[in-house]
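A look at the structure
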Amino acid sequence: MSTTERLYYSDSHLTEFEARVTGVTERVSGWVAVTLDRTAFYPTGGGQPSDTGMLDDTRVIECIETEDEGVLHVLQGRSLEVGAQVVGQIDWPRRLDHLQQHTGQHILSQAFINLFDAETRGFRMLDQYSEIDVALDAPTEEKIEKAVELANRVIWEDRAIHVRQVTKEEAAQLPLRKDSAREGELRLIEIEGFDLSPCGGTHAARTGEVGMIAVRSFERAKGLTRIDFVAGNRALADYRRANHTARSCSAMFSVGRDEAPASVARLLEENKQFSRRIRSLEEVTARVEAEELLSEAQMLSDETKLCARVFENRDAESLKKLSQALIAHPKTIALLGSRERDAARLIFARSPEAHGDMNALLREACQMLDGRGGGRPDMAQGGGSNIDKLNEAIEMASRHLTDS
Ligand SMILES: [Zn+2]
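Remember, it's a predicted structure, so these values are computed and weren't measured experimentally. Within any chain, residue numbers begin from 1 and follow the written order of that chain's sequence. Whole-chain, interface and lining totals are the exception, using all residues; otherwise, since this is a predicted model, local features are given only for residues with pLDDT of at least 70 and side-chain atom pairs are given and counted only at 80 or more. Computation of side-chain values covers all heavy atoms of the structure but excludes hydrogens and water.

The next point concerns the nonpolar core. For this analysis, a nonpolar core means a set of buried residues of the types Ala, Val, Leu, Ile, Met, Phe, Trp, Tyr and Cys, connected via side-chain atoms within 4.5 Å. Each residue is assigned to one of three classes by its accessible area relative to the maximum for its type, calculated with a 1.4 Å probe on protein chains only: buried under 20%, partly exposed between the two thresholds, exposed over 50%. Grouped together as the largest cluster of nonpolar side chains are 30 residues, with contacts concentrated most on I107, L108, F112, I132 and I213. Numbered from the N terminus, helices here are DSSP runs of H or I no shorter than four residues, and strands are runs of E no shorter than two. Among the elements of the structure, α2 (92–116), β9 (120–125), β10 (130–134), α3 (141–156), β12 (186–191), β14 (213–221) and β15 (224–231) are those that each provide at least two residues to this core. Top contributing element to this core by residue count: α3, with 7 residues. Formed by 22 residues, the second largest nonpolar core is a distinct cluster that contains L300, L346, I387 and A397.

See below:
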């Protein structure tokens, strides 16, 4: 059992305390950790990271709950001596942040029970936001916002939050939000007229201290609804980030902040129309380009025209259009390649009367490019990563056709 007296149990706003060092141990990590006869430091647990602070002039970087020794205070810097009287100091901004998120979670979880009879099954406090997993079926924006509204109403009513110690038997008679696996005395947190649940964490003195709650997003996860929320100072920080994002986006369109989504939607629609227009223009230019290439084509012995060419940065669609424009001419073979930053692509095609197995030629060429591809005897495509070999691969295929 724990041997440390927990000062944060009775006063979560206590930031300075005196204590005696009862033990010093070296951690596997090489850090030194001390135990105290009493502490105001909350150790990691219940989904909440630990407090940090100072013991005299030594930094406390983490506190860990252990079964045998109580709360371990992991130190960075000079160690302390067993028996020494020390002054402990909790980092208040971090404690305030944690108790805002944690108390906010009590309130939000109870709001989901009140409105939808949906229990909270998990809680994690992360760096910038927290998550709860709620047994809420078919979640909608509307349902979630209803719970957020109720939670904020309770916060702004500034209700008192009480800590009560009860026996297991007394607890069994009370309408607790969740059961506790703990034996012996139970510590109950009561948000006046709203929520009653067993908890060993650090809480606000009144609900007003939580400030506000906002939900950032939600998703279905493992049969539950995972809700990503922020409370108190984090809600303000998150608002600042979101506002900055929205404003920098709207500035690009020279419109008001809230008009940005409409501007983005218009831009995407325009972009779609441009893409369509480019595709249809490409068909026209491909026909013109094909004429040009044919005028320079190599004539094979059976009077088939062979067009072999490597382009820079030409996408698959455009390469395909050009090959189609070429083989629309009788007795024509097209061996086309395109070189991009990290990949080469190939398309080999012939008109129906021309001879040659494009599939076999392309497979061999792709091997030279350390890639693969395939198709039919009259049309095949592929590519590879060895872009330096692209010219050589096309020359090899041309040679096969001129020699045959
Ligand atoms: Zn709690």
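This next bit is on the coordination of the zinc ion. A 2.8 Å cut-off from the metal defines N, O and S donors, relaxed to 3.2 Å for Na, K and Ca; water is not in the atom list, so some sites may appear incomplete. Those donors, H102 (NE2), H106 (NE2), C199 (SG) and H203 (NE2), are the protein atoms that reach the zinc ion, and they lie 1.9 to 2.2 Å from it. Overall, C199 belongs to the buried group, its relative accessible area being 14%.

The rule for pairing is simple: two strands pair if DSSP sees at least two bridges between them. Note that strand β16 (residues 298–299) and strand β17 (residues 305–312) share 2 bridges and pair antiparallel. In the sheet register, Q298 faces β17, and the bridge partner there is L306. Hairpin connection between β16 and β17: a loop of 5 residues separates the two successive antiparallel strands, and E303 in this loop has a positive phi of roughly 70°. Here β17 runs beside strand β18 (residues 332–339); their pairing, made up of 8 bridges, is parallel. Looking across to β18, one finds that V310 is bridged to G337. When the strands point away from the viewer and the path from the first strand over the helix to the second turns clockwise, the crossover is right-handed. Taken together, β17, helix α7 (residues 316–327) and β18 constitute a β-α-β crossover, and its handedness is right-handed.

Checked against the element boundaries, T58 lands in strand β6 (residues 58–66). Looking at T58, the relative accessible area reads 2%, which means it is buried. In protein, a polar contact means a hydrogen-donor-capable atom and an acceptor-capable atom, both N or O and within 3.5 Å, with residues adjacent in sequence counting only if both atoms are side-chain atoms; elsewhere, any N or O pair within 3.5 Å suffices. At a separation of 2.9 Å, a polar atom in the side chain of T58 contacts the main-chain carbonyl oxygen of R78.

For the rest of this paragraph, the subject is the packing of aromatic side chains. A pair of aromatic rings is counted whenever rings of Phe, Tyr or Trp (Trp by its six-membered ring) have centres within 6.5 Å, and the orientation is called stacked for planes under 30 degrees apart, edge-to-face for over 60 and tilted otherwise. A full pass over the atoms with the stated rule returns 4 aromatic pairs. Their ring planes at 75° and their centres at 5.2 Å tell us that Y8 and Y9 sit as a pair that is edge-to-face. The exposure class assigned to Y8 is buried, which follows from its relative accessible area of 2%. Between Y8 and Y42 the ring centres are 5.4 Å apart and the planes differ by 80°, which places this aromatic pair in the edge-to-face class. Residue Y8 is located in helix α1 (residues 7–10), and its partner Y42 is located in the loop between β4 (38–39) and β5 (53–55); the two are separated by 34 residues in the primary sequence. These aromatic residues form a ring-pair network of at least three members: Y8, Y9 and Y42. Whether a charge sits over a ring depends on NZ of Lys or CZ of Arg being within 6 Å of the ring centre and within 35 degrees of the ring normal. One cation-aromatic arrangement involves R314 over F311; the distance from NZ or CZ to the ring centre is 4.5 Å.

As a packed pair, α2 and α3 sit with axes 9 Å apart at the nearest point and diverge in direction by 120°. When the interaxial angle is binned, α2 and α3 end up oblique. Here the hand of the crossing between α2 and α3 comes out right-handed. Of the residues in α3, those in contact with I107, L108, A111, F112, N114, L115 and F116 of α2 are K143, I144, K146, A147, V148, L150, A151, V154 and I155. Polar here means any residue outside two lists: the nonpolar Ala, Val, Leu, Ile, Met, Phe, Trp, Tyr, Cys and Pro, and the charged Asp, Glu, Lys and Arg; Gly therefore counts as polar. Residues that form the contact of α2 with α3 fall into these classes: 13 nonpolar, 1 polar and 2 charged. Angular values range over 0 to 180 degrees, each being the angle between N-to-C directions of two axes fitted as lines to C-alpha atoms, with helices fitted over their stretch in contact. Throughout this description, any angle smaller than 35 degrees is read as roughly parallel, any larger than 145 degrees as roughly antiparallel, any in the 65 to 115 degree range as roughly perpendicular, and the remainder as oblique. If you view the pair so one helix is near and one far, a crossing is left-handed when the near helix is turned anticlockwise from the far one by less than a right angle, and right-handed when it is turned clockwise. Only heavy atoms matter for contacts: two residues are in contact if any of them lie within 4.5 Å across the pair.

Taken together, 3 strands build an open sheet; the order of strands is β11-β12-β13 and the sheet is antiparallel. At either end of the open sheet lies a strand with only one pairing partner, and these are β11 (161–166) and β13 (195–198). Ignoring which end each strand starts from, the neighbouring axes of this sheet average 25° apart. Where β12 and β13 come together, 4 bridges link them in antiparallel fashion. In the strand pairing of β13, L188 is matched with P198.

A word on helix α9 (residues 390–403). Multiply 1.5 Å by the residue count of a helix minus one, and that product is the helix's expected span. For α9, with 14 residues, the first-to-last C-alpha span of 20 Å sits near the 20 Å given by 1.5 Å per residue. Its buried side turned inward, α9 meets β17, β18, β19 (344–350) and α8 (358–368).

All right, on to the pattern of salt bridges then. For salt bridges, the criterion is a side-chain nitrogen of Lys or Arg within 4 Å of an Asp or Glu carboxyl oxygen. Under the defined criterion, the tally for this structure stands at 30 salt bridges. Close ionic contact of R6 with E65 constitutes a salt bridge, the shortest N to O distance being 2.8 Å. With R6 in strand β1 (residues 5–6) and E65 in strand β6, this pair connects stretches of sequence that are 59 residues apart. With relative accessibility at 38%, the residue E65 sits in the partly exposed group. Here D133 and R226 are joined by a salt bridge, their closest N and O atoms 2.9 Å apart. Taken together, the residues span a long stretch of sequence, with D133 in strand β10 and R226 in strand β15 at a distance of 93 residues.

To continue, consider unusual backbone geometry. Of note, the phi angle at A138 is positive, near 45°, even though the residue is not glycine. The topology assignment puts A138 in the loop between β10 and α3.

The buried count for β18 comes to 8 of 8 residues, which makes it a mostly enclosed element. Burial of β18 is two-sided: the residues T332, A334, L336 and S338 facing one way and the residues I333, L335, G337 and R339 facing the other way are all buried. Bridge count for β18 against β19 is 7 bridges, and the pairing is antiparallel. Paired with S338 across the bridge in β19 is R345. Linking two consecutive strands that pair antiparallel, namely β18 and β19, is a turn of 4 residues.

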